[in-house]
Amino acid sequence: MNISYNWLKNYLSLDMNPWEVAEALTSIGLETGAVEEIQTIKGGLEGLVTGEVLTCEKHPDSDHLHLTCVNTGTGELLQIVCGAPNVAAGQKVIVAPVGTILYDGDKEIKIKKSKIRGQESSGMICAEDEIGIGSDHSGIIVLPADAPVGMTAKEYYKVENDYLLEVDITPNRIDAASHFGVARDLAAYLKQAGKPSDLKKPSIDGFKIEAPSLPAISVEVRNAEACMRYSGVTIKGVTVGESPDRIKKRLMTIGLRPINNVVDITNYVLHELGQPLHAFDAEKIKGNKVVVTTTPEGTKFITLDGVERTLTNQDLMICNIDEPMCIGGVFGGLDSGVTEHTKDVFLESACFNPAWIRKTARRFGLNTDSSFRFERGLDPNQTIYVLKRAALMIQEIAGGTITGNVQDVYPNRMEPFRIDVTYKKINTLIGKEIPVETIKSILVSLEMEIASETPEGLSVRVPVYRYDVRRDVDVIEDILRIYGYNNVEFSDHVRSTLSYQTMTDKSYKLESLISEQLCGAGFHEILNNSLTRSAYYNELTTFPKANCVMLMNPLSADLNAMRQTLLFGGLQSAEFNIKRKNRNIYFFEFGNCYARKEDDRKEDSPLSVYKEDYRLGLWISGNRAENNWSHPDEKASVYELKAHVENILLRMGVNMEKTIRESFTNDIYSSGISIVSPSGRTLGTFGVVERRILKMMDIEHEIYFAELAWDALIKETKKYRITSGDIPKFPEAKRDLALMIDKHVTFADIQQIAWNSERKLLKKIVLFDVYEGKNLTPGRKSYAVSFYLQDKEKTLNDKQIDAVMAKIQKELEEKLKAQLR
C-alpha cells in the first residue's frame, strides 16, 4: 500500500524524516519496503529564481527577439535574449540562469551561455510550459509587481516534494490500510518512544442537514446477513468538475488518476480513513429508493468497465426499485455513477459481510480497492463519521446542499470485543517483565479501553476495527510490537530440551542428500504451484478428474484444483524453457500431491476423504551431451532416466535385487516401468510421457518422466542397515548368454527370473548388447547378458558354475521361451 509522507503529516506532528518513519513502521509490524521521492513538478524548479527585467530593447539583427537586462538579486546583471512577445521592462519574471536544467518530458535541457544572432545570452526567461507549472506558451510568466527578486522559484510557488512509503500490509492488519490507520500506529510508537504526538482526526463538526424537509433517497436492506450496516446521504446542487490541486496531488502521489471532484473525494477519503464510499447520480436512482438485496440467478449486469456479467443469487447488489446499480462492495455499474452532468449525489457508506464480498470478487475475478478492504473486515461503527467527512468535503469543493435525513440501517450493532490478559502471561511470552504502567499506556494508545483491572491482569475492550485481535496472545503481540522487539534483551541463560530424531527429520536429511546427488548429476531443482488446472485431468484414467481436490473459491480456472501428480507442473516448466531455446531439460522437484478417496470416508473424520502424498519427480529431455569437441552429440534417453532412478534407490538403501519391475502403458506413459517393493508397496514409476499429453502442453520434444513415492521410500529405508565386511578373497566368475526372446520381454523380466533362480552365488547381472534385425525370427530380439557369480568361502569350479547357469537357462526357457543363439 502506498502512503504519502506529506499526507501522513496531516494527522501527526512529525519531526522524523521519511526514512526514519519507514524504519519506525517496520519495527511495529508495518514493513516498509521502499521510500521514493515524488516530485510534483519535474525537477522541482531547482535552479530557477525570480528576477526583474530592468531594460528591454529590440535585437539589432532580429524583428522578434529582444535584448533584456535582468536582475536576479545576485549583484550581477544578466543579459538575456528573449523571444517572447510580452516581455517588457519593469516586469517580474522567472529566470533560468546558466547551468539550470529544464525538462521536456523525460528529456533534460541544460541552459548554457550562448550567442543568439551575435548577441550574448546568459540564461532564459521562462514560460509556464517550460518549467512545468502549466501549458501556456503564448508568452513568458509575468509575476505580480510585489514579487520579491532573487527568491527561488521553488519557494515562490511553494513546491513541496513528497515521499512515497511502500507499506506491506499483512492480511490481518486491514485497520492500517489507510493514512489515518498508519498514523494511529505511529502515534502509539512515538508515545512509547518518549516523543508523544497528538493524533489529529479530521473534524466533522461543520456537518449539518441544511434542508431537512426536502425529499431524499431512502434505503431498504433486505439481506442483513450480507449488509451489516448501510448509511447514506443526499447532496443536491453539486457542480461536478476538476478537483483542486491539493486533492489531485495527494491522489497522484499514491498512484491514483484524478477523475472529477466528487469521485476524487470518495477515493481521497478511502485512502485517508480506510472506508470505501460510492457516489451515485441521484437522478438515476429510480423511485428515489436504494434497495440492498440479491438478484435472481442468471441476472445480467454491465459493470463500470463495460463488461456484461451474469449474477448469482449469492451476489449482493445495490439496486433501485427496478434494477441493480452496483455490485455491493466490489464494482460500480455502468450507468449509475457520477458524470459531469450530475447535479444531485447520493453518497453511500456501508459495511458488508467479508465472506460475501470475497466470494463475489473471486467469482468475477475482480480485485478493487473497495473489495480488498471489505473482504478483510471493516468497522461498521465508523460509516456515519466517514459519510459526514466526505459530505463536508463535497460541499466545500463541489458545492451543494445536504438534504433530508441521514439514512442509516444498522440492525445488529457490533460492540467492542472483551479480552482478559494476565501480566504473568504477558511477561512469559515476551520474555521480559514490562512495567504495568507501560502496558496500560500502550493499550490506551492503541485505543484499547481498559474495562477492569486486578493485581493479576487486565480486561480490555478491543475496538471493532481490530478484527485480528480476538485472543489474549493477540493483545500481547500488540503490546510487544509497540514496546519494541529490540527492547527485549537476550538472556544469559540457555534453556533447552533433549530431542530425538523423528521420521520427519530423517526424511528431510535424505531429501537434502538426494537433492545434492541430483544437482551433482546436472539436474536443476524446480518448485511449482500445488494448484493446477483441473482440465489437465480430463479423460485421464490414471488420475481421474473425479479424484481432484477442487477449490471452492479458485483464483482462476488455471488454479482451480490441487495437483494429483507432479507431472504437469514439470511439463509447464519444460515448455517454458524449450520455447526460450533451453531444450536440454534436467529437472527434479519434491512436492505434495492430493487426491480424493471416496470409499474411505468416515462419518467422524471428514478429512479422511482426502489423501496427501509427498513425491519426487524427475524430467529429462533434449541432449545429454552437445557442442563438445571430445564427445559427439548424444540425445537423452529413458535409459539415462532409469539409471538416475536406480541411483536414487541405491543411495536410499533400497535392495534392488528384491524389487519387482513391471512394464506397463497407460494414458500418462506410452512406455513405462513400475518399481514395487517385495512387500507390494509401489516405490515409483518412470518412462516415456504419452504423446497426447505432450501435445496438450504444446511440447514437440520427447520427455522422460519419473515419479517416486517418497513416503514409501522412507518406509523402505527403515529396514536398511549399513553393514561392513571383508573384501572377498576369491575371484568372481563371469558367464555370458546370448538369448533370443520375444520383443515384449524386458531386461527386468530376465533379472527377476535370474535372481529367483540363484540368490546365493549370483551377484550381478549386466545387459551389454541388444539386437533386432536380420537373421532373427519376426517378433523376436536378442539380448546379450553377463552373469557374475562369486562364493565368499571358496573359488568356484566349472562344475558349480555350469550347474548354476544351467538352472538359470532352464528357468528363462520355461518362463520366457528364451533360446540360446
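Residues numbered from 1 in each chain as written. Predicted model: local features only at pLDDT ≥ 70, side-chain atom pairs only at ≥ 80, totals over all residues. Heavy atoms only, no water.

S.K.: I'm lost on the overall build of the protein in this one. Help?
M.R.: In terms of regular secondary structure, the protein is built from 20 helices and 41 strands. Relative to its length of 821 residues, the protein is extended, with a C-alpha radius of gyration of 39 Å against a globular reference of 28 Å. Its C-alpha atoms put the protein at 125 × 80 × 70 Å along the principal axes. Taking all 821 residues of the protein together, the buried fraction comes to 48%. When contacts within the protein are restricted to residue pairs at least 6 apart in sequence, those whose partners lie at least 24 apart make up 70%. Surface accessibility of the protein: about 41900 Å² in total, with carbon and sulfur atoms responsible for 48%. Taking the average location of the 101 positive side-chain charges in the protein and that of its 114 negative ones, the two points are 7 Å from each other. (Helix = DSSP H or I, 4+ residues; strand = E, 2+ residues; numbered from the N terminus. Rg over C-alpha atoms; globule rule 2.2 N^0.38 Å. Buried < 20%, exposed > 50% of the residue type's maximum accessible area, 1.4 Å probe, protein only. Contact = heavy atoms within 4.5 Å. Areas by Shrake-Rupley, 256 points an atom, 1.4 Å probe, with all protein chains shown as cover. Lys, Arg positive; Asp, Glu negative; His and termini not counted. Charge placed at Lys NZ, Arg CZ, Asp CG, Glu CD.)

S.K.: Just checking my understanding: could you explain the sheet that holds strand 20 (residues 324–327) for this structure?
M.R.: By definition, the strands of a sheet pair up through backbone hydrogen bonds, in either a parallel or an antiparallel sense. Across the sheet, which stays open at both edges, the five strands sit in the order 13-16-19-20-21 with mixed pairing between neighbours. Because the sheet does not close on itself, it has two edges, and the strands there are strand 13 (218–221) and strand 21 (331–332). The pairing of strand 13 with strand 16 (residues 289–294) spans four bridges and is classified as parallel. Its bridge partner being in strand 16, V221 is matched across the sheet by V292. (Pairing = 2+ DSSP bridges.)

S.K.: What is the right way to read helix 20 (residues 798–816) from this model?
M.R.: Residues separated by three or four positions in an α-helix point in the same direction, a consequence of the helix having 3.6 residues per turn. Its 19 residues place the ends of helix 20 26 Å apart at the C-alpha level, agreeing with the 27 Å of an ideal helix rising 1.5 Å per residue. Every buried residue belonging to helix 20 is among I801, V804, M805, I808, L812 and L816, and all of these are buried. Down the axis of helix 20, the buried side of the element spans an arc of 95°, and every buried residue falls inside it. Of the exposed residues in helix 20, those oriented more than 90 degrees away from the buried face are K799 and E814. (Expected span 1.5 Å × (residues − 1). Arc of directions from axis to C-beta.)

S.K.: So what exactly am I meant to see when it comes to the environment of V469 here?
M.R.: Following the sequence through the fold, V469 ends up in the loop between strand 26 (457–462) and helix 13 (472–483). A sequence separation of 412 residues divides V469 from E57, and the C-alpha atoms of the two residues are 75 Å apart. Not counting chain neighbours up to four residues away, the residues in contact with V469 comprise F417, I419, M448, V462, D474, V475 and D478.

S.K.: Even after reading the chapter, I still don't get the state of the cysteines, so can you show me in this structure?
M.R.: Such a bond, covalent and formed between the sulfur atoms of two cysteines, is termed a disulfide. Under the criterion given, the structure shown has zero disulfides. C126 forms no disulfide, and the closest cysteine sulfur to it belongs to C82, at a distance of 9.3 Å. In this model C519 remains outside any disulfide bridge; the closest cysteine sulfur is found in C593, 20 Å from its own. (Disulfide = S-S within 2.5 Å.)

S.K.: Explanation requested: the sheet that holds strand 12 (residues 162–167) in the structure shown.
M.R.: Pairing is antiparallel across the open sheet formed by three strands, whose spatial order is 1-12-2. Single-partner strands in this sheet number two, and they are strand 1 (2–4) and strand 2 (32–38). Geometrically, the sheet is characterised by an average inter-axis angle of 25° between neighbouring strands, direction not taken into account. Where strand 1 meets strand 12, three bridges bridge the pair, whose relative direction is antiparallel. Bridge pairing in strand 12 links N2 to E166. (Axes fitted to C-alpha atoms, helices over the stretch in contact; angles between N-to-C directions.)

S.K.: What should I look at first to understand the packing of aromatic side chains in this one?
M.R.: One pair of aromatic rings is described through two measures. These are the centre distance and the angle between the planes. The full count for this structure, using the stated rule, is 16 aromatic pairs. Ring centres of Y536 and F568 lie 4.9 Å apart, and the angle between their planes is 15°; on these two criteria the pair is classed as stacked. Of this pair, Y536 sits in the loop between strand 28 (531–532) and strand 29 (561–562) while F568 sits in helix 15 (residues 567–578), placing them 32 residues apart in sequence. The residues Y536 and F568 share a single accessibility class, namely buried. Ring centres of W619 and F705 lie 5.3 Å apart, and the angle between their planes is 35°; this geometry places the pair in the tilted category. Residue W619 is located in strand 31 (residues 610–621), and its partner F705 is located in strand 37 (residues 704–709); the two are separated by 86 residues in the primary sequence. Site record: aromatic cluster; members linked through ring pairs are F588, F590, Y614 and W710. Cation over ring: R470 sits above F417, and NZ or CZ is 4.7 Å from the ring centre. The ring of F576 has R580 lying over it, and the distance from NZ or CZ to the ring centre is 3.7 Å. (Phe/Tyr/Trp six-rings, centres within 6.5 Å; stacked < 30°, edge-to-face > 60°. Lys NZ or Arg CZ within 6 Å of the ring centre and 35° of its normal.)

S.K.: For this particular structure, what's the right way to read the packing of helix 12 (residues 436–445) against helix 13?
M.R.: The relative placement of two packed helices is expressed as an angle between their axes plus a distance between the axes. Taken N-terminus to C-terminus, the directions of helix 12 and helix 13 make an angle of 100°; their axes are 10 Å apart at the nearest point. Taken together, helix 12 and helix 13 sit at an angle that is classed as roughly perpendicular. Where helix 12 abuts helix 13, its residues T438, I439, I442 and L443 lie against V475, D478, I479, I482 and Y483. Each residue belonging to the contact of helix 12 with helix 13 can be placed in one class, and the counts come to seven nonpolar, one polar and one charged. (Parallel < 35°, antiparallel > 145°, perpendicular 65-115°, else oblique. Nonpolar A, V, L, I, M, F, W, Y, C, P; charged D, E, K, R; others polar.)

S.K.: It is not clear to me how the layout of surface pockets should be interpreted in this structure. Could you clarify?
M.R.: One water molecule sets the probe size; rolling that probe over the atoms shows where empty space is left. Each pocket or cavity is described by its volume, and for the largest pocket that value is around 820 Å³. If you go around the largest pocket, you meet 31 residues; those closest to its centre are V263, T266, N267, H278 and L304. Listing elements by their share of the lining of the largest pocket, those giving two or more residues are helix 7 (261–273), strand 15 (277–281), strand 20, strand 21, strand 22 (344–352) and helix 9 (369–374). Looking at the lining of the largest pocket element by element, the count peaks at four residues for helix 7. Residues that form the lining of the largest pocket fall into these classes: 17 nonpolar, 10 polar and four charged. (1 Å grid on protein atoms, 1.4 Å probe; cavity = no way out; pocket = protein on both sides within 12 Å on 5 of 7 lines; lining within 4 Å. Points joined across faces, edges and corners; volume = space filled by probe spheres on them.)

S.K.: Sorry, what's going on with the packing of helix 7 against helix 10 (residues 383–398) here?
M.R.: Direction vectors running N to C along helix 7 and helix 10 enclose 140°, while the axes themselves pass 10 Å from each other. Viewed along their axes, helix 7 and helix 10 form a crossing whose handedness is right-handed. Each of N261, V262, I265, Y268, V269, E272 and L273 in helix 7 lies in contact with helix 10, whose residues at this interface are Y385, V386, R389, A390, M393, I394, I397 and A398. Broken down by class, the residue content of the contact of helix 7 with helix 10 amounts to 12 nonpolar, one polar and two charged. (Left-handed = near helix turned anticlockwise from the far one by under 90°.)

S.K.: I'm lost on the nonpolar core in this one. Help?
M.R.: One broad trend across soluble globular proteins is that nonpolar side chains are buried collectively. Judged by nonpolar contacts, the single largest core of 78 residues is most densely connected at L14, V21, L25, L186, V269 and I479. No other element matches the nine residues that helix 10 contributes to this core. Apart from residues lying up to four places away in sequence, L186 is in contact with L8, L12, L14, V21, A24, L25 and I28. Membership of the second largest hydrophobic core comes to 36 residues, among which are I174, F301, I318 and M325. (Core = buried A, V, L, I, M, F, W, Y, C linked by side-chain atoms within 4.5 Å.)

S.K.: So what exactly am I meant to see when it comes to helix 10 here?
M.R.: With 16 residues, helix 10 ought to run about 22 Å at 1.5 Å a step, and its terminal C-alpha atoms sit 22 Å apart, in line with that. Counting buried residues in helix 10 gives 13 out of 16 residues, a clear majority hidden from the surface.

S.K.: Is there a simple way to think about empty space enclosed by the protein in this case?
M.R.: By the definition in use, this model includes one cavity of 30 Å³ or more. The calculated volume of the largest cavity comes to roughly 30 Å³. Around the largest cavity, the lining residues are D175, R184, D185, L446, Y465 and R466. Its residues placed into classes, the lining of the largest cavity shows two nonpolar, no polar and four charged.

S.K.: Please clarify how the pattern of salt bridges should be interpreted in this entry.
M.R.: One side chain can pair with another of opposite charge once the charged atoms of both are near each other. A full pass over the atoms with the stated rule returns 43 salt bridges. With its nearest N and O atoms 2.9 Å apart, the salt bridge here joins R173 to D185. Here R173, found in the loop between strand 12 and helix 5 (179–192), pairs with D185, found in helix 5; they are 12 residues apart in sequence, far enough to count as distant. According to the relative accessible area criterion, R173 is buried, its value standing at 5%. With a shortest N-O distance of 2.9 Å, D472 and K425 are connected by a salt bridge. One end of the pair, D472, is in helix 13; the other, K425, is in helix 11 (residues 423–430), and 47 residues separate them in sequence. The class for K425 is partly exposed, based on a relative accessible area of 31%. The network of salt bridges with shared partners includes R173, D175, D185, R466, D468, D478 and R481. (Salt bridge = Lys/Arg side-chain N within 4 Å of Asp/Glu carboxyl O.)

Purely spatial values, then, with no claim about function.
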